[in-house]
Amino acid sequence: MAAVILKDGSRREYPQPVTPLAVARELSQRLAAEAVVAKVNGVLWDLNREMPAEAELELLDFENPEARNVYRHSTAHLMAQAVRQLYPGVRLAIGPAIEDGFYYDFDLDKTFTPEDLVKIQARMAELARANQQIERRVLSRDKALALFREQGEDYKVELIEALPEDAEISLYQQGDFVDLCAGPHVGSTGRLKAFKLTSVAGAYWRGDEHQPMLQRIYGTSFPKASQLEEHLALLEEAKKRDHRKLGRELDLFSLSEEGPGMPIYHPNGVVIWNELLKLWREEHGKDGYLEIRTPQILNKRLWERSGHWDNYADKMYFTEVDETPFALKPMNCPGAMLWYLTSHHSYRDFPLRSAELGLVHRHELSGALHGLMRVRAFTQDDAHIFMLPSQIEEEVGGVIELVDRLYKVFGLEYKLELSTKPEKFMGTEEQWEAATSALMRVLEKRGIDYKINPGDGAFYGPKIDFHILDSLKRGWQCATIQLDFQMPERFDLTYTGEDGQEHRPVIVHRVAYGAIDRFLGILIEHFAGAFPVWLAPVQVKILPIADRHHEYCRKLAAKLQKAGIRVQADLRNEKIGFKIRQAETEKVPYMLVVGDKEVEAGKAALRTRVEGDVGQVDVKEFQERVLAEIKTRKLG
RNA sequence: GCCGAUGUGGCUCAACUGGUAGAGCAGCUGAUUUGUAAUCAGCAGGUUAGGGGUUCGAGUCCCCUCGUCGGCUCCA
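In this text the structure is predicted, and so the values were computed from the model without any measurement.

Participant: How should I be thinking about the overall build of chain A in this particular structure?
Facilitator: The helix and strand inventory of chain A stands at 20 helices and 33 strands. Projecting the C-alpha coordinates of chain A onto the three principal axes gives extents of approximately 85 × 75 × 55 Å. Looking at the 636 residues of chain A, the share that counts as buried comes to 49%. Residue pairs in contact within chain A that sit at least 24 positions apart in sequence constitute 69% of those at least 6 positions apart. Split by element, the accessible area of chain A, about 30400 Å² in all, is 50% carbon and sulfur.

Participant: I would appreciate a short explanation of the sheet that holds strand S22 (residues 415-419) in the present structure.
Facilitator: On the basis of which strands lie adjacent, the open sheet formed by 8 strands has the order S16-S20-S21-S28-S25-S24-S22-S23 and mixed pairing. In this open sheet, the two strands that pair with only one neighbour each are strand S16 (290-291) and strand S23 (451-453). Here strand S21 (residues 377-387) runs beside strand S28 (residues 506-515); their pairing, made up of 7 bridges, is antiparallel. In the strand pairing of S28, Gln 380 is matched with Ala 515. Each of strand S20 (352-361), S21 and S28 is contacted by helix H12 (residues 333-340), which is oriented at about 40° to S21, the strand it contacts most.

Participant: Mind showing me how you'd approach the pairing of S20 here?
Facilitator: The side chains of a regular strand alternate between both faces of the sheet. Counting buried residues along S20, 8 of its 10 residues qualify, which places the element largely inside the surrounding structure. Note: S16 against S20, 2 bridges, orientation parallel. Residue pairing in the sheet places Leu 290 in a bridge with Ser 354 of S20. As paired strands, S20 and S21 are joined by 10 bridges and run antiparallel to one another. Paired with Arg 353 across the strands is Ile 385, a residue of S21.

Participant: What is the right way to look at the layout of surface pockets in this model?
Facilitator: Empty pockets left among the atoms are what a rolling probe the size of a water molecule brings to light. When its volume is computed, the largest pocket comes out at roughly 1800 Å³. Contributing to the lining of the largest pocket are 46 residues, with Lys 315, Glu 364, Arg 374, Asp 456 and Lys 463 lying nearest its centre. At the level of secondary structure, the elements contributing two or more residues to the lining of the largest pocket comprise S21, strand S24 (463-469), strand S25 (475-484) and S28. Ranked by the residues each element gives to the lining of the largest pocket, the list is headed by S25, at 6 residues. Residues of the lining of the largest pocket, tallied by class, amount to 18 nonpolar, 15 polar and 13 charged. The residue makeup of the lining of the largest pocket includes at least three contributed by each of domain 2 (68-231) and domain 3 (253-294 + 347-526). Considering only enclosed or pocket space, the second largest pocket measures out at about 1300 Å³ in volume. In terms of lining, the second largest pocket is formed by 40 residues, of which the most central are Asp 100, Ser 471, Leu 472, Lys 473 and Arg 474.

Participant: Looking at this model, I keep getting lost on the packing of helix H13 (residues 392-410) against helix H14 (residues 429-445). Mind explaining?
Facilitator: The angle between the axes and the distance between the axes are what describe a pair of packed helices. The N-to-C vectors of H13 and H14 enclose an angle of 55°; their axes lie 9 Å apart at closest approach. Classed by the angle they form, the pair H13 and H14 counts as oblique. As H13 packs across H14, the resulting crossing turns out to be right-handed. Taking contact as the criterion, the partners of Ile 392, Glu 393, Val 396, Gly 397 and Ile 400 in H13 are, on H14, Ala 438, Leu 439, Arg 441, Val 442, Leu 443 and Lys 445. The residue makeup of the contact of H13 with H14, split by class, is 7 nonpolar, 1 polar and 3 charged.

Participant: Whenever I open this one, the packing of aromatic side chains confuses me. Can you help?
Facilitator: Evaluated as defined, the whole model comprises 25 aromatic pairs. Ring centres of Tyr 155 and Trp 205 lie 4.8 Å apart, and the angle between their planes is 65°; on these two criteria the pair is classed as edge-to-face. Residue Tyr 155 is located in helix H6 (residues 154-162), and its partner Trp 205 is located in the loop between strand S12 (194-204) and strand S13 (213-222); the two are separated by 50 residues in the primary sequence. You'll find Tyr 155 and Trp 205 in the same group, each marked buried. Members of the aromatic cluster, connected to one another through ring pairs, are Tyr 407, Phe 410, Tyr 414, Phe 466, Tyr 513, Phe 519 and Trp 534. The aromatic ring of Phe 222 is capped on one face by Arg 72, whose charged end is 4.7 Å from the ring centroid.

Participant: I tried to follow the pattern of salt bridges on my own but got confused; where do I start?
Facilitator: Pairing of side chains with opposite charge becomes possible as their charged atoms draw close. The final tally for this structure, using the stated rule, is 52 salt bridges. Measuring nitrogen to oxygen at the nearest pair gives 2.9 Å for the salt bridge that ties Glu 283 to Lys 286. Taken as a pair, Glu 283 and Lys 286 lie in helix H9 (residues 267-286) at a separation of 3 residues, close to a single helical turn. Owing to a relative accessible area of 8%, Glu 283 belongs among the buried residues under this scheme. When its relative accessible area of 59% is taken as the criterion, Lys 286 is described as exposed. Lys 421 is the partner of Glu 429 in a salt bridge, and the nearest nitrogen-oxygen pair spans 3.6 Å. Here the salt bridges do not stand alone but share partners, grouping Glu 283, Lys 286, Asp 287 and Arg 405 into one network.

Participant: What am I meant to see in the confidence of the model for chain A here?
Facilitator: Caution is warranted with low-pLDDT regions, since their predicted coordinates should not be read in detail. Here chain A averages 92 in pLDDT, and 100% of its residues register 70 or above. For this predicted complex, the interface confidence reaches an ipTM of 0.92, while the overall pTM sits at 0.93.

Participant: Would you mind going over the nonpolar core with me for this structure?
Facilitator: Among the nonpolar cores identified, the biggest contains 77 residues, and Leu 276, Tyr 407, Phe 410, Ile 464, Phe 519, Ile 542 and Leu 592 are the most heavily contacted of them. In terms of residue count, H13 provides more of this core than any other element does, 9 residues in total. Taken together, domain 3 (253-294 + 347-526) and domain 4 (540-632) each give at least three residues to this core, which thus spans both. Leave out the neighbours within four places in its chain, and Phe 519 touches Leu 276, Tyr 407, Phe 410, Leu 412, Ile 468, Cys 478 and Tyr 513.

Participant: When you look at unusual backbone geometry in this model, what are you seeing that I'm missing?
Facilitator: Negative phi characterises most residues that are not glycine, and trans characterises most peptide bonds. In this model, Phe 350 is joined to Pro 351 through a cis peptide bond whose omega is -10°. Of note in this structure, Lys 587 is not a glycine but carries a positive phi near 60°. Its location among the elements puts Lys 587 in the loop between helix H18 (576-585) and strand S31 (590-594).

Participant: How should I be thinking about the environment of Leu 571 in this particular structure?
Facilitator: Looking at where Leu 571 falls in the secondary structure, it is placed in the loop between strand S30 (567-569) and H18. Classification of Leu 571 by relative accessible area gives partly exposed; the value is 28%. Between the C-alpha atom of Leu 571 and that of Ile 545, which follows or precedes it by 26 residues, the distance is 9.1 Å. The contacts of Leu 571, once residues within four sequence positions are left out, are Pro 544, His 550, Cys 553, Arg 554 and Lys 579.

Calculation notes
- Residues numbered from 1 in each chain as written.
- Chains lettered and ligands numbered in written order.
- Predicted model: local features only at pLDDT ≥ 70, side-chain atom pairs only at ≥ 80, totals over all residues.
- Heavy atoms only, no water.
- Helix = DSSP H or I, 4+ residues; strand = E, 2+ residues; numbered from the N terminus.
- Buried < 20%, exposed > 50% of the residue type's maximum accessible area, 1.4 Å probe, protein only.
- Contact = heavy atoms within 4.5 Å.
- Areas by Shrake-Rupley, 256 points an atom, 1.4 Å probe, with all protein chains shown as cover.
- Pairing = 2+ DSSP bridges.
- Axes fitted to C-alpha atoms, helices over the stretch in contact; angles between N-to-C directions.
- 1 Å grid on protein atoms, 1.4 Å probe; cavity = no way out; pocket = protein on both sides within 12 Å on 5 of 7 lines; lining within 4 Å.
- Points joined across faces, edges and corners; volume = space filled by probe spheres on them.
- Nonpolar A, V, L, I, M, F, W, Y, C, P; charged D, E, K, R; others polar.
- Domains from an automatic or database assignment.
- Parallel < 35°, antiparallel > 145°, perpendicular 65-115°, else oblique.
- Left-handed = near helix turned anticlockwise from the far one by under 90°.
- Phe/Tyr/Trp six-rings, centres within 6.5 Å; stacked < 30°, edge-to-face > 60°.
- Lys NZ or Arg CZ within 6 Å of the ring centre and 35° of its normal.
- Salt bridge = Lys/Arg side-chain N within 4 Å of Asp/Glu carboxyl O.
- pLDDT = per-residue confidence, 0-100.
- Core = buried A, V, L, I, M, F, W, Y, C linked by side-chain atoms within 4.5 Å.

Take a look at the structure:
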């Protein structure tokens, strides 16, 4: 006897064990056709694998994220099967599903070319058409090891050896292809309909740069061709939002060969930059931050003292002045420590919030550079908060609120991560333990969702990071809050307590935007270059129809400019359609068209970026409207 | 840094298997005085990223350097 309980609570009984697929077929053909994988007693389960005697069954289709991963993972197997057939001698590593697709890592002497991808994809289509059954088998550890040793699959052997003693070792087979895999998978290769191999790239075995470099082929798959096409079209759209492309088109910034990773900001970019800082200073003023500025280069001995010399030297730039070694600052903290040391401090001063817009230089790996997102010279909106240990939770909470307040202005969504002790660290295990649990408490008390990112902390302390996605859904760290018990020791920072004794303060390092540069890159992609009025480099463009309207337009522009609006009059000898087209491509929020009718009426014809031509408006009213939008930092 | 791809005027691209660099846009000049996403004409602009090599001859082939793009985290 076998019993199956469906999601609606109904119970079905069978004389002997059944597969989820068999049950699905009884329920409806459509369900059977669309189900990708099952969930049996809460565990993902192959559709063609017999269920235990008492099974709570749920059938998942492609819309379900877990099922989608199974579908992509099965496509990765199909690709590996094709590669194995086409390139004998290839060794397989791993092939998981990822966001929006899958990959598989291969070790092969020959390097894959784009033509190879076409060939592989064609073979995959053949194998899918053959509709081979995908079957699960469980093997003993020894047998599994023997099997993969015999096949020369060194990576699989290594994977099995790394599995815990009691782990069940399962294999999946389709035709002549066997792979070590926890599963589950779709029932047969014919279920895989629309797939595309998108790129090939190098990847280290186990993500470790000391391990061999493998070739990773990326792809994606869907049950319907239309879904695949839609996805590819979406990617094309996303590329149009790329901040590197828009940065050039909107004349915001550039990068030169002479300064890799060191952006040059053009006047339009600096307008936005300054608006960001204006908002930043307003919000930090509300929270009582004191702004400081510290030097660009400082004596080597300072960096030895801070620990950067031992922990960060490979990313630093050096110079020598009067035979004395100096370093270009990669972080602002040591400078802030010097400021703290210039006077005595009392517990009454705490929390002492010092902020600094500091330009730092870090020699990032050349292959890691990416537009404004990863650069070698960037401005951090840094702050160092000196405080009593008892003030940690409240201060960290305050920073979280400040960041949230700032990001809301832009309508940005973010995710939080808690990064723990890295391999290279200063201090003791106990200090790290205390600091990490303090950060956890703050997050949990506020009921904030977060993910733990093991080993990604700074060398001086654990941190909470805010991640924002770019147009291609790549995550970038923006704000970060880092607890630090090390700098106070290193710099022998003290304050006088209530008891009249000297004590050690605690420091929180934090950035809100993160790097202004990266944040600007994020914003360009977030708004697709169509900035809200308060950020737009040019807020209003005045477009005369003919020369005889120039005088009126000049006066109008002067008036708006005097009111504090960034306005430009396009007095070139061009037709109105041409001027409008250009203003549209520049994504200017408002255009004022002026011809005979407007001059006579003393008005202007308004055209907006979102609504198009809206007809004549009263200039005074328009001015008030724009000023209000600027003041409230209206979105959209 | 590593793997792969790539690099032609400010931008987007062209130049058959090696045969002495072309176009559009932008720029400049002139004509046109224009009503909601490109008026017409002319002019100017590149030692093809840099260096070396092969060749009678290199943007095209080879080597080195530099830049750029994608990836190198998401653990069968």
